[in-house]
Amino acid sequence: MSGPDSGVGVRLKELRLRRGLTQKELSGDRITRNMLSLIESGNASPSVSTLEYLAERLEVPVGYFFADGPESGGFLKYAVLDELKARYAEGDWTSVLALCANLPETAADDELCLIEAVSAFRAAEEKASVYRLREADLLLDRAEKAAGMSVYCGEGFSKSLTFARDLFASAATDLISPVLCDLSSVGSMIPASAAVYFLALRSVRNGSGAEFPLTKGEHGERHIAALLALRGERPREGLKKLRELSLDASLPYYMQYKVLGDLENAANAEGDINLAYSSSRRRLELIDRIRF
């Protein structure tokens, strides 16, 4: 290289800082920190072998240092794409989102935005499952923004966002919004069984005897079966089913409050004051867990 190149130095420094490395850490045992400082400031030109060394340590092609605008973002994306996809396949949504956040806006394309949108959506579900609803809503906002930048996220994804917001909002209430009972609203990210459950729950609570295609043994089917037993001639059996369901550690977060409410009402009807009191207390504890 014939002379100092400030453009190379600027891109080198930006990437080093983006990777969270000090000059000493990046220099390693091949070049001195002072030489790296001179390169970054544009006061020295790196040799081809030095650039190859730095590119390897920063996990980018050498061409990144000479790219401008969107092209440089593309280099950065492909430098982390394998790790991004690996974390995505593992369902490590937090790591995926961190990798996406560490990329410049110029790296955004349809594929990357799809990965970020889905990961933010799944991360929101994880937060909601432990009643960190404010964080869950913020993650849905991020999912919505990323989805709007990808042709791969269409109406189905948008519907799922709306459904999820209603699902989160109803987590610790007895409310069942019309959206939650609409099979066409679940979109592409939420199983139809969620809407079937809410549709059946609303129907049974309104006194209807309609049948719904709930899979036997799943939480939703067990809840509805218990309510039907209560309504029929087997109230003690229904009470037992509700109690067992309320103690199931795998019970989805959006069912817990509703199951406990039904258990409290059933216990009162059967004169089991202790069970009614403990169910009420558990519902209050559930509300206390919510973090907005």
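Above this text is the structure in question.
First things first, this report covers the structure right here in the doc. (Residues numbered from 1 in each chain as written. Predicted model: local features only at pLDDT ≥ 70, side-chain atom pairs only at ≥ 80, totals over all residues. Heavy atoms only, no water.)

Next up on the list: helix 14 (residues 273–289). The α-helix advances 3.6 residues per turn, and as a result positions three or four apart in sequence lie on the same side. Its 17 residues give helix 14 an end-to-end C-alpha distance of 25 Å, which sits within 8% of 24 Å, the value for a rise of 1.5 Å per residue. Listing the buried residues of helix 14 in full gives Leu275, Ala276, Ser278, Ser279, Arg283 and Leu286. Along the axis of helix 14, the buried residues cluster in a sector spanning 165 degrees; they form a single face. Residues Ile273, Asn274, Tyr277, Leu284 and Asp288 are exposed on helix 14 and point more than 90 degrees away from its buried face. The secondary structure elements touched by the buried residues of helix 14 are helix 12 (235–246) and helix 13 (253–269). (Helix = DSSP H or I, 4+ residues; strand = E, 2+ residues; numbered from the N terminus. Expected span 1.5 Å × (residues − 1). Buried < 20%, exposed > 50% of the residue type's maximum accessible area, 1.4 Å probe, protein only. Arc of directions from axis to C-beta. Contact = heavy atoms within 4.5 Å.)

The next thing to look at is the pattern of salt bridges. Taken as a whole, this structure holds 19 salt bridges when the rule is applied. With a shortest N-O distance of 2.6 Å, Glu135 and Arg132 are connected by a salt bridge. What makes Glu135 partly exposed here is its relative accessible area of 28%. Put simply, Glu285 and Arg281 hold a salt bridge, and the shortest N to O gap is 3.0 Å. With a gap of four residues between them, Glu285 and Arg281 both fall in helix 14, about one helical turn apart. Here Arg281 falls in the partly exposed class, since its relative accessible area comes to 36%. Connected through salt bridges with shared partners, the residues Glu83, Arg87 and Glu90 form a single ionic network. (Salt bridge = Lys/Arg side-chain N within 4 Å of Asp/Glu carboxyl O.)

Our next topic: the nonpolar core. If you look at the biggest cluster of nonpolar residues, it comprises 61 residues, and the most contacted ones within it are Phe121, Phe157 and Phe168. With nine residues, the top contributor of residues to this core is helix 13. Residues contacting Phe157, with those up to four places away along its chain left out, are Ala117, Val118, Phe121, Ala143, Ala147, Ser188 and Met189. (Core = buried A, V, L, I, M, F, W, Y, C linked by side-chain atoms within 4.5 Å.)

With that out of the way, let us pick up the packing of aromatic side chains. On inspection of all chains with the given rule, the structure shows seven aromatic pairs. Measuring from ring centre to ring centre gives 5.3 Å for Tyr253 and Tyr254, while their planes differ by 85 degrees; the resulting arrangement is edge-to-face. In this pair, the class of Tyr253 matches that of Tyr254, namely buried. The structure contains a cluster of three or more aromatic residues connected by ring pairs, namely Tyr131, Phe168, Tyr197, Phe198, Tyr253 and Tyr254. In this structure, Arg283 packs its charged tip against the face of Tyr257, placed 4.6 Å from the ring centre. (Phe/Tyr/Trp six-rings, centres within 6.5 Å; stacked < 30°, edge-to-face > 60°. Lys NZ or Arg CZ within 6 Å of the ring centre and 35° of its normal.)

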